[in-house]
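In case you want the letters, here they are:
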Amino acid sequence: MRPDRKRHLLGLSLVVVAVAMLVAWQVPGLAAAAPQDDHGGHGEHAAGGDHGGHHGRVIAPPLHPDPVPVKTWPPALILIVGAVLLPLVPVRPLRALIAIGLPAYALTVIWGLPDGARLVVPIAGHELHVLEADRLSLVFGKIFALVGVIAGVYAFHNGDRRQQVASLLYNAGALGVTFAGDYFTLYAFWELMAVSSVILIWARDRADSQRAGRRYILVHLVGGAVLLFGIFLHVQSSGSILIDRFAPGTGGLAAWSILLGFCLNAAVPPLGPWLPDAYPRATVTGAIFCSALTTKTAVYTLLRVFPGWEVLAVAGVIMALYGVVYAVLANDIRELLAYHIISQVGYMVAGVGIGTTMALNGAAAHAVCHILYKALLFMGAGAVIQTTGREKLTELGGFWHRQKLIFGLYMIGAFSISGFPLWNGFVSKSMVVSAAGHVHWDWAFLLLMLASVGTFLHTGLKLPYGTWMGEDRGIQPRRAPANMVVAMAIGAFFCTLLGLAPGLLYQYLPYAVDWDPYTAPHVIEAVQLLLFTFFAFWVFVPMLHGEPTISMDTDVLYRKSAGWARALFVTSVGRLFDASEVAVRALARKVQEALGNPVRLVPGLRALPGADGERYDVDGSRLPLTVPISLLLLAFLLVWAVSRWS
C-alpha cells in the first residue's frame with residue numbers, strides 16, 4: 001500500500017472513532033450516564049472512599065490479611081514437577097491429559113487456600129515467601145489456572161513435547177509470580193516465564209518465528225535485568241526482600257527500575273512492540289498461553305506494588321488508544337488481536353493508576369474477563385489458521401457458512417471485548433471507566449470510551465468480516481479438531497456467565513464491590529456507542545479491509561538499527577578478537593624463538609658458534625669472560641654512584 005493511502009486510512013479511522021464519540025456524547029443516554037458529581041450518574045453505585053477530585057481521590061488501602069501458615073505444595077511447583085516428568089510419558093493422548101489435569105489440580109489447590117495462606121522456606125539466611133495468598137493473588141491464581149485448563153483442552157490434539165512442557169512451565173511461572181511474597185521468588189518465576197514462552201514462538205519452526213523469538217527473548221532479558229537492578233537497590237535501601245507497595249512517588253531509583261521492568265512485560269508503549277511482533281508468530285496453540293499470561297501477570301504486579309501512581313493512569317489511556325490505532329493497519333489476524341491486547345491492558349493499567357478501590361477492583365475484574373475473551377478470540381483465529389493455512393485478511397473471506405460454529409463462538413468473544421451488555425467485558429470495562437469519572441478525570445473517561453469504539457470497530461467488525469465474510473476466495477477449510485471447538489465453547493460459556501451474573505466475579509475481587517453495571521443509563525450508553533460504530537463500519541467498510549502491508553511500531557528503532565548495532569557490537573568485536581589472536585600468536589612465536597636461541601637477538605654476537613643454528617648450544621655460544629665481568633663492574637659502579645648521590 002502506498003504511504004499516502006496508509007496515512008489516509010489511518011486518518012479516516014481516527015475520524016470515524018472521533019465522530020462516533022462526539023455524536024454519542026450528545027445523545028441522551030450517555031449524557032445521563034456521565035459523571036457529574038460524587039452522587040450522580042455512575043457514581044451512585046460507587047464503593048465508599050472512591051469519591052473526590054483529581055487530588056482528593058482516596059487510594060485503596062493495602063491488603064494485609066492475617067497470616068495462616070499452610071503445608072501444601074505451591075501451585076507453581078505442581079506444574080514444574082509435571083513439566084519435568086511429562087516428556088517421559090510415551091503415549092501422546094496421556095501426555096495431553098496430564099497437561100490438562102495438572103492445571104486443573106493446581107486450580108483445586110488454589111481454591112482451597114485461605115485468605116492469608118503463607119508458606120516460608122529458609123534459604124541462605126533469608127526467608128523466601130514462596131506462597132503468599134490474599135484476595136488479589138487468589139483471583140489471579142484462579143484465572144491463570146483456569147485458562148491453563150482451557151488452553152490445554154485446545155491443544156489436546158498437539159503432541160509436541162516441547163510445547164507441552166513449555167506451556168506447563170509458562171503457567172507455572174505465572175502462578176509463581178502471583179503467589180510470590182518476596183522479590184527473589186518473584187524474579188525467579190519472572191525469568192521462567194520469559195524462557196518458557198519463547199519456546200512457544202520458536203516451536204513454530206519458521207524463519208520469521210525464529211527471528212521474532214530472538215527479539216522477544218532479548219527484550220525480556222533486558223527487562224529482567226532492569227527489574228533485578230531495582231530489586232537489589234530496594235533490598236539494599238530497605239533491608240527487606242518482601243514485596244510491598246510503594247506509595248506514589250516514593251522509592252527513588254529502585255521503585256522506578258522495578259516499575260520499568262513491570263511495564264515492559266505489560267507492553268506499555270514504547271516498551272511493547274515485542275508483543276505484536278512475537279504473538280502472531282507463535283504456534284497456534286502456544287499463542288493462547290501467550291495472550292493470557294505475560295501481560296496479565298505484569299498487571300498483577302502493578303496492582304500489588306504501584307497502585308495510585310498517576311503516571312500509570314496516563315500510560316494506560318495511551319495504551320488503550322495506541323492499540324486501537326495500530327489495529328487499523330494490521331493485516332495479520334493475530335497481529336490485530338495482539339494490538340488489542342495492548343489496548344485492553346491499557347484499561348487495567350489506567351485502573352492501577354487511578355488507585356481507588358473501584359478502580360483496582362475494575363482492573364482485576366478486567367484482567368479476569370480479558371483472559372477469557374482474549375483466549376477465545378485467539379482460539380478462533382487459531383482455528384482459522386489450523387483449517388485454512390492462511391492468516392492474512394487479504395487471503396481470507398467468504399467461508400463463514402462453512403465455519404458457523406467457530407464464527408459464532410468467536411463473535412461471543414468479540415461482543416465481550418467490545419463491551420456488549422450481557423457479556424463480561426461490559427461488566428469489567430465499565431468499572432474502570434466509571435472509576436475515572438468518580439475522581440473527575442474527565443479526560444481519562446472520554447478517551448477510554450473512545451478506545452471502546454475502536455475496539456468494536458476492529459475486533460468486533462473488521463476482523464470477523466474480513467476473515468469469514470467479505471469476498472469469497474473459494475476457501476474450503478478443513479474440519480477443525482473437536483477439542484479446539486470444545487475449548488472455544490468453554491471460553492464462550494464463562495464470558496457469557498460472568499456477563500449475566502457479575503456477582504460470581506465480584507465475590508472474589510480484592511475489595512468489597514457495590515457496583516451495578518446494568519443501570520438504564522449505562523446500558524443505553526453502550527448500545528448507542530456500539531450501534532453508531534456498526535453504522536460507521538458499514539458505511540466505510542471498503543476503506544477498512546486488510547492491506548498487504550507491514551506496520552512498523554516503535555520496534556523500528558532496533559529493527560532499522562540492527563545492521564549498525566551488529567556491525568558495532570558483533571562484527572567489529574569479532575574482528576578485534578581475530579586481530580588480537582593473530583597478534584598474540586605472533587608474539588608467542590617471537591618469545592619461543594627468543595627463549596630457544598637468545599644469542600640471535602643480541603647484536604654483535606651473531607658470529608659466535610651456534611648463533612645461526614636452529615638449536616641453542618650453551619657451550620658453543622658462551623660469551624667471553626670479559627663480558628660478565630664488565631657488566632658486574634658496571635653494576636657496582638652504578639650502585640656506588642646512586643648511593644653517593646643520595
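In this text, all values refer to a predicted model and were calculated from it rather than measured experimentally. (Residues numbered from 1 in each chain as written. Predicted model: local features only at pLDDT ≥ 70, side-chain atom pairs only at ≥ 80, totals over all residues. Heavy atoms only, no water.)

Chemist: Describe the overall build of the protein chain, naming the residues involved and giving the relevant values.
Modeler: Looking only at helices and strands, the protein chain has 23 helices and 3 strands in total. In the protein chain, buried positions account for 55% of the 646 residues. Expressed as a percentage of contacts within the protein chain between residues at least 6 apart in sequence, the contacts between residues at least 24 apart total 82%. Entry remark: accessible area of the protein chain is about 27,200 Å², with carbon and sulfur atoms responsible for 68%. (Helix = DSSP H or I, 4+ residues; strand = E, 2+ residues; numbered from the N terminus. Buried < 20%, exposed > 50% of the residue type's maximum accessible area, 1.4 Å probe, protein only. Contact = heavy atoms within 4.5 Å. Areas by Shrake-Rupley, 256 points an atom, 1.4 Å probe, with all protein chains shown as cover.)

Chemist: So, the nonpolar core: which residues are in play, and what are the values?
Modeler: Formed by 181 residues in total, the largest nonpolar core has its most connected members in Phe140, Tyr279 and Phe306. When residues of this core are sorted by domain, at least three fall in each of domain 1 (34-61 + 307-553) and domain 2 (64-303). If we ignore the near neighbours within four places in the chain, the residues touching Phe306 are Phe246, Ala255, Ile258, Leu259, Phe262, Thr301, Leu312 and Val352. (Core = buried A, V, L, I, M, F, W, Y, C linked by side-chain atoms within 4.5 Å. Domains from an automatic or database assignment.)

Chemist: Explain helix 18 (residues 482-500) residue by residue, including any values.
Modeler: With 19 residues, helix 18 should reach 27 Å at 1.5 Å per residue; the first-to-last C-alpha distance of 27 Å fits that figure. When we look at burial in helix 18, the residues that qualify are Asn483, Met484, Val485, Ala487, Met488, Gly491, Ala492, Cys495, Leu498 and Gly499. Taken together, the buried residues of helix 18 touch helix 5 (135-154), helix 14 (357-388), helix 15 (404-418), helix 16 (424-438) and helix 19 (503-506). (Expected span 1.5 Å × (residues − 1).)

Chemist: Go over a nonpolar patch on the surface, please, and point to the residues and values.
Modeler: On the surface, Trp73, Leu77, Val81, Val84, Leu85 and Leu88 cluster together into a nonpolar patch covering about 590 Å² of accessible area. With respect to the element layout, Leu85 can be found in helix 3 (residues 75-85). Judged by its relative accessible area of 48%, Leu85 falls in the partly exposed class. (Patch = residues over 30% accessible without salt bridge, like charges linked within 9 Å, V, L, I, M, F, W, Y side chains within 5 Å. Salt bridge = Lys/Arg side-chain N within 4 Å of Asp/Glu carboxyl O.)

Chemist: Quick one: what's the story with the packing of aromatic side chains, residue by residue and with numbers?
Modeler: For the structure shown, the criterion picks out 22 aromatic pairs. Measuring from ring centre to ring centre gives 5.4 Å for Trp190 and Phe262, while their planes differ by 50 degrees; the resulting arrangement is tilted. Of the two residues, Trp190 sits in helix 7 (residues 183-202) while Phe262 sits in helix 9 (residues 252-265), which places them 72 residues apart along the sequence. You can call Trp190 buried: its relative accessible area is 2%. Measuring from centroid to centroid gives 4.6 Å for Phe415 and Phe420, while their planes differ by 50 degrees, and the two rings are tilted. Residue Phe415 is classed as partly exposed on the basis of its relative accessible area of 23%. These aromatic residues form a ring-pair network of at least three members: Trp190, Phe246, Trp256, Phe262, Phe306 and Trp309. (Phe/Tyr/Trp six-rings, centres within 6.5 Å; stacked < 30°, edge-to-face > 60°.)

Chemist: Before we move on, can you summarise the sheet that holds strand 3 (residues 126-132) with the specific residues and values?
Modeler: Reading across the sheet, the 3 strands line up as 1-2-3 and stay open at both edges, with mixed pairing between neighbours. In the strand order of this sheet, the two ends are held by strand 1 (68-69) and strand 3, each with one partner. Where strand 1 and strand 2 (residues 117-123) come together, 2 bridges link them in parallel fashion. Bridge assignment links Pro69 to a residue of strand 2, and that residue is Arg118. (Pairing = 2+ DSSP bridges.)

Chemist: Quick one: what's the story with the confidence of the model for the protein chain, residue by residue and with numbers?
Modeler: Here the protein chain shows a mean pLDDT of 84. Residues at 70 or above account for 84%. Confidence drops under pLDDT 50 across residues 1-54; counting only partners more than four residues distant or on other chains, this segment forms 112 contacts. (pLDDT = per-residue confidence, 0-100.)

Chemist: Describe the packing of helix 5 against helix 11 (residues 286-305), with residues and values.
Modeler: Taken N-terminus to C-terminus, the directions of helix 5 and helix 11 make an angle of 175 degrees; their axes are 10 Å apart at the nearest point. For the element pair helix 5 / helix 11, the angle class is roughly antiparallel. Residues Leu136, Ser137, Phe140, Phe144, Val147, Gly148, Ala151, Gly152 and Tyr154 of helix 5 form the contact with helix 11, whose participating residues are Ile288, Phe289, Ala292, Leu293, Lys296, Thr297, Val299, Tyr300, Leu303 and Arg304. (Axes fitted to C-alpha atoms, helices over the stretch in contact; angles between N-to-C directions. Parallel < 35°, antiparallel > 145°, perpendicular 65-115°, else oblique.)

Chemist: So what's going on with the state of the cysteines? Which residues, and what values?
Modeler: The tally for this structure, following the rule as stated, stands at 0 disulfides. We note that Cys369 lacks a disulfide partner, and the nearest cysteine sulfur, in Cys495, lies 7.6 Å from it. With a relative accessible area of 0%, Cys369 lands in the buried category. (Disulfide = S-S within 2.5 Å.)

Chemist: I'd like a description of the environment of Gly355, backed by residues and values.
Modeler: Looking at the secondary structure, you find Gly355 in the loop between helix 13 (333-354) and helix 14. Overall, Gly355 belongs to the buried group, its relative accessible area being 0%. For the pair Gly355 and Leu303, spaced 52 residues apart in sequence, the C-alpha separation works out to 8.6 Å.

Chemist: So what about the packing of helix 12 (residues 310-329) against helix 13? Which residues, and what values?
Modeler: The N-to-C vectors of helix 12 and helix 13 enclose an angle of 160 degrees; their axes lie 7 Å apart at closest approach. Relative to helix 13, the element helix 12 is oriented roughly antiparallel. Where helix 12 crosses over helix 13, the two elements pack in a sense that is left-handed. (Left-handed = near helix turned anticlockwise from the far one by under 90°.)

Chemist: So what's going on with the pattern of salt bridges? Which residues, and what values?
Modeler: Tallied over the full model, the rule gives 12 salt bridges. Asp208 serves as the salt-bridge partner of Arg281, at 3.9 Å between the closest nitrogen and oxygen. Taken together, the residues span a long stretch of sequence, with Arg281 in the loop between helix 10 (274-278) and helix 11 and Asp208 in helix 8 (residues 207-238) at a distance of 73 residues. Across the pair Asp277 and Arg281 runs a salt bridge whose closest N-O atoms are separated by 3.7 Å. According to the relative accessible area criterion, Asp277 is buried, its value standing at 4%. Among the residues examined, Arg281 registers a relative accessible area of 22% and is labelled partly exposed. Linked by salt bridges that have partners in common, Arg204, Arg206, Asp208, Arg215, Asp277, Arg281 and Glu391 make up one network.

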